[in-house]
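# Summary of structural features
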Amino acid sequence: MSELDEKIPNNVGLSTDKRLQRALEKWQPNYINWWKEMGPLGHQADNVYLRTAISVESGGWANFDHVKMPDYRWGIFLEPKTEGKTIGFGDELGKPVWDEVPGEHRNALRRLIVTQGDTEPASVEQQRRLGDTAPSMYDMRNLFQVNVEEGRHLWAMVYLLHRYFGRDGREEAEDLLNRRSGDDDKPRILGAFNEPTNHWLSFFLFAMFTDRDGKYQLAALAESGFDPLARTCSFMLTEEAHHLFVGETGVGRIVQRTCELMKKDPNDDARAQGGIDLPTLQKYINQWYSVCLDLFGGESSSNAADAFAAGLKGRYKEQSRFEDHVCLEGVKDMTFVEGNKLVTKEVAVRTAMNEYLREDYIVDCQRAVDRWNKTIESAGINFTLKLPSSRFHRSIGNYAEHSFDPEGNLISAAEFEAKKGEWLSTPEDEIYVTSIMKPCLEPGKIANWIAPPRRGINGQPFEYEYVKLA
Amino acid sequence: MDPVRFETHPDRYKHWKLAVDGDRARLVMQVDPEHPMKPGYELKLNSYDLSVDIELADATQRIRFEHPEVRVVTITSETDRCFCSGANIYMLGMSTHSFKVNFCKYTNETRLFIEDASRNSGLRFLAACNGATAGGGYELALACDDIVLVDDGSSTVSFPETPLLAVLPGTGGLTRLVDKRNVRRDRADVFCTLAEGMRGKRSIEWGLVDAIYPKSKFQEGVKERADALAAQVADVVRGPAVTLAPLKPSFEDNAYRYKYVTLEVDRAARTGVLTVSAPSEAPPSDAKAMVAQGSDLWSLRCFRELHDALLQLRFNEPEIGMITVRTTGKAEHVLAADKALLANQDNGFLREVKLLQARVLRCYDLTARSFFAVAEQDSCFAGILLELALGADRFYMLEDDDEEVGLWTSEANAGAYLSSNGLSRMQLHFFHTPEMIDKALSRGREGMIPSVEADSFGLPTIVADEIDFEDELRIAIEERASLSPDALTGMEASLRFPGPETMETKIFARLSAWQNWIFTRPNATGAQGALTLYGQPERAHFDYKRT
């Protein structure tokens, strides 16, 4: 194994690829500088129990060891190539997949990759201040694991830009390090990635809802006729699963702790016991879920139709779940606002691609919410967490610029304004939630507002020293 | 479809805000998506249709007449991350060929009006591109003197027409890129095929924009650029301010009637008669009295009416292909109006009136209908109205025994009103015998030139006596109305402009002509064309044969 391969684990033949080496020579130091400047604040020298992917073989992608984050070995991995693979959908159905970027789709692909890639460093920047208020060492470690893997996902996208998009690709890769979440002058591309993640409740909801959007986007790109993109995204999905686990169980542990605190309190008041009460949690769910629905784009979208037609972006599990992969026939019923009414109209299937992906996402989210509700139910508490209607609080698509209540009824803007504080988190809620975010940095201990996990990481106990503070 | 109306007022704008503050004006594009000109599409992301451009043209005109104190006009938007995304594609997709062509011509003329104001009226235009500036949006910016783009890492200037829609940036975009901004043509080639466009430093290096500022310094930067523009504005006499009153025409089934202009149409015959009247009484001769008449001054009102009538013809009467152009009234009143106007060019308002007349005459030159000017008894093809005869495709004169029918030249014909290619209509008419210009003009200074004598100078196309005239004219009109309208459009556009090219003529004769050809080709507008299928689930299929 060459020195380069040792430094940057990969299965893309880095040690023999001059073009890639030249690009990375310049980009890699800038990446490290970016990480030091914008990565987790104040914890760069800690030794963190992280998993590192060193190969795509079974077990190869999960090597655990204590490591300082700037020394993390960010690698480049693609799922192994399947010979004879053909394009699975769209106008080019059945033709061999592209191993190089087809000129016709160069710009569209670059845009897809840059937009996806931009979210990865953005989320690291959004979460950089959370280390100091971690509710436990276990959680702190999970945060940093998510962060370094978002960093690796950036590498994955940058690999594609460097390897397949020439000079323009190198410039885009530089720009991915130059934009900054929340910076007015050089903001991240998507609006949702410019809001800071202020506290751990938001972090868990981010990992639950926003990363889950990421999962569906990656899954749709994993169907791509541009094979290197498909293979890259397939591998990223294996890592994304852990992020979703962190989010879903994180919220689940809050729910569990809230139920315990309610039982402890004479008035069933979790807040009085320093926890996050269920109505407040519901408001945060409404907030994060609705913002994440926007990330899928407009319900009816010609861009989505184009990407499908061109064979660039498919549906979730396109091959196993659908029979018609061309989709020129057929329509989908969709709701629109006309005047003061909701009307149902037919939209061509291709134009509805964003909506198909969003629907799968919603089902997945509901499954998690059902789990949380089981916890509440088995605690004997009469409360049900709900996902709001997909029309509620939207700023992109058919429902943007109209007001809806969480049940999806069309209401006036004034009515929404009046009820907003009951449905979405308020500045007071933010102050309260922030106030209980006291760090708990002793191995085996945990903050008051969240329950410990059922088990630790990689077979280690909860008490394990996941982070050795510097 | 309801007929298109072209008169509007800032109080009624749906898509723009005009705010004047001292010597600065802000023209803010805020397109109301819910109010397209006709149902069937939404004007999302500051995209425009004809109704949006009508307001822009109106605002430009009013700044010149009603706000002479203004030196710098900043065109910008208050839509987040979007300056203007160009002509609405769905609107284009559902429009007839004739509408598309006339829409493009109108928007082209509006941008030329902006440049005309910059060149002649002591104004400077600044495009403050606060977000995505695509297609027609960038073409609007190109019509300005200075282009400032926000440097936010994502906002670009772009021409996505060719890669996305299989058409051209046809509102002067291609031409201005290489002829006005001097972008190197190979770079222009790269830029025009890059759907997402260019941003940041490279857009400056390539000359696509003049300055970039980060978002936090954008407003400040725009102000600095506006200050710099204000300092370099030519010292041109402006004002006094004159309000442009509504024209209040009356539109009947077969006629458009204004105070001095009438357009009558015969739909069965596909012909029309455009009649322009001289002032009914002798016009004032001193500047003060002329200003006091305001927008009722014949020289202004008559040409605003003529402009509106030409637009009615273009948009609302697509089948009226053959127009006889007539004049009526007293020639001496027209000559007096010309004399007063041209003698008082040190008055800013009267300067603007002359510039407006010149613009309207250019619109006349560029109207794709056959124009036959007809001089009979009571005609007054004098001075500026003679320009209508000189600009027509043919000029018929009646030869009468009493020598009452004739034409009158004035200073107005001696280079005061230039056509799009920079030549006067006399120069166009006598392109191969320029010595005739002086002869005709010096003879004209002695008074009316009767038909037969005018013929000896080579001014009319056909002179016929009372026995032949009516039949001669009737047959010519009927014959013309029977020919292919497409061939006639191409023929007339080619013959009307002998001599040199300018950026303006290249926009119409090269860019628009190719665009209009592309618009009829299956690759753009066939059942599987890119424009037809834009926003549809199906992708375009091209016939790859090159011509």
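Scroll up for the structure.
Not measured: the values here are computed from a predicted model. (Residues numbered from 1 in each chain as written. Chains lettered and ligands numbered in written order. Predicted model: local features only at pLDDT ≥ 70, side-chain atom pairs only at ≥ 80, totals over all residues.)

As a further point, take the overall build of chain A. From N to C terminus, chain A includes 13 helices and seven strands. Seen along its three principal axes, the alpha-carbon backbone of chain A occupies a region of about 70 × 60 × 40 Å. Here chain A holds 470 residues, and the buried ones make up 48% of them. (Helix = DSSP H or I, 4+ residues; strand = E, 2+ residues; numbered from the N terminus. Buried ≥ 20, exposed ≤ 12 C-beta atoms within 10 Å, placed from the backbone.)

Let's shift gears to the packing of helix α6 (residues 200–221) of chain A against helix α11 (residues 353–378) of chain A. Residues and elements named next belong to chain A. Contact geometry of α6 with α11 gives a least axis separation of 10 Å together with a crossing angle of 140°. Taken together, the axis directions place α6 and α11 in an arrangement best described as oblique. The chirality of how α6 crosses α11 is right-handed. On α11, the residues touching Met208, Phe209, Arg212, Asp213, Tyr216 and Ala220 of α6 are Leu357, Asp360, Tyr361, Asp364, Cys365 and Ala368. Partitioned by chemical class, the residues of the contact of α6 with α11 number eight nonpolar, no polar and four charged. (Axes fitted to C-alpha atoms, helices over the stretch in contact; angles between N-to-C directions. Parallel < 35°, antiparallel > 145°, perpendicular 65-115°, else oblique. Left-handed = near helix turned anticlockwise from the far one by under 90°. Contact = placed C-beta atoms within 7 Å. Nonpolar A, V, L, I, M, F, W, Y, C, P; charged D, E, K, R; others polar.)

A separate point is helix α13 (residues 348–365) of chain B. For α13 of chain B, with 18 residues, the first-to-last C-alpha span of 26 Å sits near the 26 Å given by 1.5 Å per residue. With 16 of 18 residues buried, α13 of chain B is to be regarded as a mostly interior element. (Expected span 1.5 Å × (residues − 1).)

Our next topic: the packing of helix α4 (residues 137–164) of chain A against helix α5 (residues 166–178) of chain A. All names here are of chain A. At their nearest, the axes of α4 and α5 sit 7 Å apart, and the two run at 155° to each other. With respect to their mutual orientation, α4 and α5 come out roughly antiparallel. Here Leu154, Val158, Leu161, His162 and Tyr164 of α4 lie close against α5, whose contacting residues are Gly169, Arg170, Glu172, Ala173 and Leu176. Each residue belonging to the contact of α4 with α5 can be placed in one class, and the counts come to six nonpolar, two polar and two charged.

With that settled, the discussion passes to the interface of chain A and chain B. Tallying the contact residues gives 21 residues for chain A and 15 residues for chain B. For the side of chain A that touches chain B, the element with the most residues is helix α9 (residues 302–309) of chain A, which contributes four residues. Class assignment of the residues belonging to the side of chain A that touches chain B gives a composition of nine nonpolar, three polar and nine charged.

The values are spatial; any link to function lies outside them.
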